[in-house]
Structure formats: C-alpha cells, structure tokens
Amino acid sequence: MKILGIESSCDETAASVVEDGTKILSNKIASQIEIHARYGGVVPEVASRQHMLAIIPIIEQAMAEAKCGWQDIDAIAVTKGPGLAGALLVGVNTAKAIAIAQKLPLIGVNHLEGHIYANWLTGNAIYFPVLCLIVSGGHSDLVLMKGHGEYILLGRTRDDASGEAFDKVARILGLGYPGGPLIQKAAENGTATIRLPHSWMEGTNDFSFSGIKTALLRMTEGGKINLDDNLKNDLPSRSDAAASFQKAVIDVLVTKTISLAKEQGVNQILLAGGVAANKVLRQSLIDNSPLPVLIPPFILCTDNAAMIATCAYYRYKAGKIDGLDMDAIPNLKLA
Ligand code: KG4
Ligand code: ZN
C-alpha cells in the first residue's frame, strides 16, 4: 500500500510517498528557514503564503522521485494539527482536493503522532508498551504508548517547550534562528561552566525550562557573559553559555525519561521531534538508559511528510479514515 503524505504545520512544506508504513520511496522537504531567519522566528502569515507556493511543486517532486502516478497511490495523508492555522489549512485543503479528484481515502494525522511514528521508519522492531519522549518546537511530552494509536500523556512542559527554549536562548545569545542546531554547534566549542537552575518538578513527570532561559537572560543583561567571540576575558563565553544551557536541559530530559520508563516497566524508549536531532541528547539517552532507545535518523526528526504517511498507514489499518468535512485543528491534542 502506497500513501502520499503531506506536511505543512509550521515552516516546512513536505511531501513523501511511503510503502506499507516502512519503506520511504521519496521524502521531499521545502524549508522556509532562510525566509523566517530574517525575522528571528516563524512569521505565520509568511509561512502560509510560502506553503501555497511550494505545496504543488513539492508533491510533484515526491511523486516523481517515487516513480508514482496517481494510479499507484492508495491513500492521501495530511497533518491536521497541531500547528499554525493558516499553514495547516494549505496542506489540508490540498489533500482534500487530491482525495476528491483521484477518489482516494483521506487520512488526517496528528503531527505529534507523526513524530512518534518516525521511529517505525528506523527498521527496528518495536515492542509495546513503549515510552515516547516528544521534544519539538511546541512540545515536551512524555507519552506512554500501549499499542498503535493508544496514548497516555504522563508528562508535559509547564511553560516553554524544549525546542522553544533552544530558540529563545539562541536569540538571547545572539546566535540566530533556528536556535537548536546553532546552540549545539556553539556548545561544541564551549564548556558547561555556568551552574544553571535545573528545575526537576519533583513528584511530577512535568518539565519546566523557562527558569533556565531566564537565568541566562539575567546573566547576559547583567554583562556576566562575554557575547563577543573576538574578545578574550575571564567571563564565560557564548559557547560556554550554550554548552551550559544544553547540558541543563538534557540532564533533566534524560533523567526524567529514564526514571519514568523504569517506573512504567516499558520495553523501549522512543525519542521523537525536532530536538531529537540534537547529538548530545541522543548520545546521553543511549548512554544512560538501561532500556533500548530508538531514535529516528536526523532527517526524520525534524518536520517531514514520511512520518505522516507512516502514521497514516497504521490509522488506515485500524479503519481510521476521515471524511471530506475534516478540518485543520491548530490546538489538536494527542491524548
Ligand atoms: O519538530 P520540529 O521540526 O517542529 C515542531 O514540530 O515544532 O522541531 C523544531 C524544533 C526547533 O525548536 C529547533 O530549534 C529544534 O527543533 N531543533 C533542535 C535541533 N534541531 C532542531 N534542538 C536542539 N538541537 C538540534 N540539533
Ligand atoms: Zn514537528
């Protein structure tokens, strides 16, 4: 069964053809990063307009690379939420138009569920129950998954999502946008010398990252971090600040995930979402976990449509098909 997946929830327009939920025939992504970088973050209206320009060409490219005509496609999958309303609408309406024209079933997918299902594209067997750590620009969730499509939300962020914290701290340190990869790169040249408040949220499985971010903001405002890479002095450098921030966030994510995985008696830990592309987080989780850890390849951690098509395959098998009255739901919940 071949499914065409479409993703347009934020600043990537993506299309992909996946066979039987496991084999990627094509995976095309048109990134808007350069456009939004000028503004230091995603501008929703600009994102919608870019999706409008990119969506048909990216679908055509995905179909061509997969060597598929419409007669080869068995269903259309699309991200229906959560995400930016205008951005989601472009994908949802395009998917509906194709579904009508080609008389194909339409499958709406939750973007976070899609991130989790990127793990089904790793080629590794997955044995339920598993604990998923979803870390993206909008979420930091700990989700117990007992079967396909069965989610119990056990922990979440009380304030900033982890990716959001990376993006905000990168802005504070003047590193640019998007923050995650830039903090990771800066941190490679620094040492985690700054003691930042780790907020453990004792007695809960929840996270809080805004305190770490605010502590760094106060330090930069007070001139306690050297923001000039060419100036040598005794203050911690931007790279040291990046390394300290990255370590503080990852310490908490890894410790709380492993402790909850043990408590729940799961078989595996699945990492998902854009922040899962962080090399230090990946290594730290693998090094510290007594349980097997699955992590998608880098290109399937950040937003893509292969994960949407894969998730849709399992929804289709469970009989979860949407009608043409399906709508974009910007604040769609996973559980
Ligand atoms: O999943 P994603 O592509 O989009 C959302 O669904 O939000 O995640 C984007 C987030 C951004 O905040 C970005 O800074 C972060 O993932 N990110 C990273 C890395 N690559 C992307 N964070 C830390 N380290 C990275 N290497
Ligand atoms: Zn995402």
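So, a few notes on the structure that sits alongside this text. A quick note: this is a predicted structure, and the numbers were derived from the prediction, not measured.

1. Describing unusual backbone geometry
Now for step 1: Between Gly-81 and the following residue, Pro-82, the backbone shows a cis peptide bond with an omega angle of -10°.
Now for step 2: By secondary structure assignment, the location of Pro-82 is in the loop between strand 4 (75-81) and helix 3 (85-102).
Now for step 3: Following Tyr-177, the chain continues into Pro-178 via a peptide bond in cis, with omega recorded as -5°.
Now for step 4: Among the structural elements, Pro-178 can be located in the loop between helix 5 (162-172) and helix 6 (179-187).
Now for step 5: Phi at Asp-20 takes a positive value of approximately 50°, unusual for a residue other than glycine.
Now for step 6: Here Asp-20 is to be found in the loop between strand 2 (12-19) and strand 3 (23-31).
Now for step 7: You can call Asp-20 partly exposed: its relative accessible area is 34%.
Now for step 8: Non-glycine residue Met-201 carries a positive phi angle of around 50°.
Now for step 9: By the secondary structure assignment, Met-201 is in the loop between helix 6 and helix 7 (210-221).
Now for step 10: Given the relative accessible area of 22%, Met-201 is considered partly exposed.

2. Notes on the coordination of the zinc ion (ligand 2)
Now for step 1: Taken together, His-111 (NE2), His-115 (NE2) and Asp-303 (OD) make up the protein donors of the zinc ion (ligand 2), found 2.0 to 2.1 Å from the metal.
Now for step 2: For the zinc ion (ligand 2), the single-chain donor residues occur in sequence as H-x3-H-x187-D. Here His-115 is found in helix 4 (residues 111-117), whereas its partner Asp-303 is found in the loop between helix 10 (298-301) and helix 11 (306-317), with 188 residues between them in sequence.
Now for step 3: The class of Asp-303 is buried, set by a relative accessible area of 13%.

3. Digging into the site of ligand 1
Now for step 1: Within the structure, ligand 1 sits among 19 residues, and His-115, Gly-137, Asp-167, Gly-180 and Gly-274 are positioned closest to it.
Now for step 2: Gly-163 is positioned such that a nitrogen or oxygen atom in its backbone is 3.1 Å from an oxygen atom of ligand 1.
Now for step 3: Within the complex, the protein chains bury 88% of what would otherwise be the 560 Å² of accessible surface of ligand 1.
Now for step 4: Of all elements in the fold, only helix 4, helix 5 and helix 6 reach the threshold of two or more residues within the shell around ligand 1.
Now for step 5: Broken down by element, the shell around ligand 1 gets its largest block of residues, 4 residues, from helix 6.
Now for step 6: Tallied by class, residues from the shell around ligand 1 come to 4 nonpolar, 13 polar and 2 charged.

4. With respect to helix 11
Now for step 1: Here helix 11 is 12 residues long and its end C-alpha atoms lie 17 Å apart, about the 16 Å a rise of 1.5 Å per residue gives.
Now for step 2: Counting buried positions over the 12 residues of helix 11 gives 10, a clear majority of the element.
Now for step 3: The first or second residue beyond helix 11 is Gly-319, which carries a positive phi of 80°.

5. Notes on the environment of Val-17
Now for step 1: Within the secondary structure, Val-17 is located in strand 2.
Now for step 2: Sequence separation between Val-17 and Ala-305 is 288 residues; the distance between their C-alpha atoms is 8.2 Å.

6. Here we look at the nonpolar core
In globular proteins that are soluble, nonpolar side chains generally tend to be buried together.
Now for step 1: Membership of the largest hydrophobic core comes to 45 residues, with the highest contact counts inside it found for Leu-216, Phe-245, Leu-253, Leu-271 and Leu-281.
Now for step 2: Sorting the residues of this core by element identifies strand 6 (130-135), strand 7 (140-147), helix 5, helix 6, helix 7, helix 8 (238-264), strand 9 (268-272) and helix 9 (279-288) as the ones contributing at least two each.
Now for step 3: Non-local contacts of Phe-245, meaning those with residues more than four positions away in its chain, are made with Ala-165, Phe-166, Val-169, Ile-183, Leu-196, Ile-212 and Leu-216.
Now for step 4: Counting 31 residues, the second largest nonpolar core, distinct from the first, contains Ile-116, Ala-118, Cys-132 and Cys-311.

7. Notes on the packing of aromatic side chains
Two measures describe an aromatic ring pair: the distance that separates the ring centres and the angle between the ring planes.
Now for step 1: For the coordinates displayed, the defined rule picks out 7 aromatic pairs.
Now for step 2: Judged by centre distance (5.0 Å) and plane angle (80°), the rings of Phe-166 and Phe-245 are edge-to-face. Of the two residues, Phe-166 sits in helix 5 while Phe-245 sits in helix 8, which places them 79 residues apart along the sequence.
Now for step 3: When its relative accessible area of 2% is taken as the criterion, Phe-166 is described as buried.
Now for step 4: The exposure class assigned to Phe-245 is buried, which follows from its relative accessible area of 0%.
Now for step 5: Through a chain of ring-to-ring contacts, the aromatic side chains of Tyr-117, Trp-120, Phe-128, Tyr-313 and Tyr-314 assemble into a single cluster.
Now for step 6: Above the ring of Phe-298, the side-chain terminus of Arg-282 is found at 4.1 Å from the ring centroid.

8. Re the pairing of strand 3
Now for step 1: Two strands pair when backbone bridges link them, and strand 2 and strand 3 are joined in this way by 8 bridges, in the antiparallel orientation. Note on strand 3: the bridge partner recorded for Glu-12 is Ser-31.
Now for step 2: The hairpin turn running from strand 2 into strand 3, its antiparallel successor, is 3 residues long, and Asp-20 in that turn takes a positive phi close to 50°.

Parameters at a glance
Residues numbered from 1 in each chain as written. Chains lettered and ligands numbered in written order. Predicted model: local features only at pLDDT ≥ 70, side-chain atom pairs only at ≥ 80, totals over all residues. Heavy atoms only, no water. Helix = DSSP H or I, 4+ residues; strand = E, 2+ residues; numbered from the N terminus. Buried < 20%, exposed > 50% of the residue type's maximum accessible area, 1.4 Å probe, protein only. Donors = N, O, S within 2.8 Å, 3.2 Å for Na, K, Ca; no water. Near = heavy atom within 4 Å. Polar contact = N/O pair within 3.5 Å; in protein donor to acceptor, adjacent residues only side chain to side chain. Areas by Shrake-Rupley, 256 points an atom, 1.4 Å probe, with all protein chains shown as cover. Nonpolar A, V, L, I, M, F, W, Y, C, P; charged D, E, K, R; others polar. Expected span 1.5 Å × (residues − 1). Core = buried A, V, L, I, M, F, W, Y, C linked by side-chain atoms within 4.5 Å. Contact = heavy atoms within 4.5 Å. Phe/Tyr/Trp six-rings, centres within 6.5 Å; stacked < 30°, edge-to-face > 60°. Lys NZ or Arg CZ within 6 Å of the ring centre and 35° of its normal. Pairing = 2+ DSSP bridges.

Bear in mind that shape data such as this cannot, by itself, settle questions of function.
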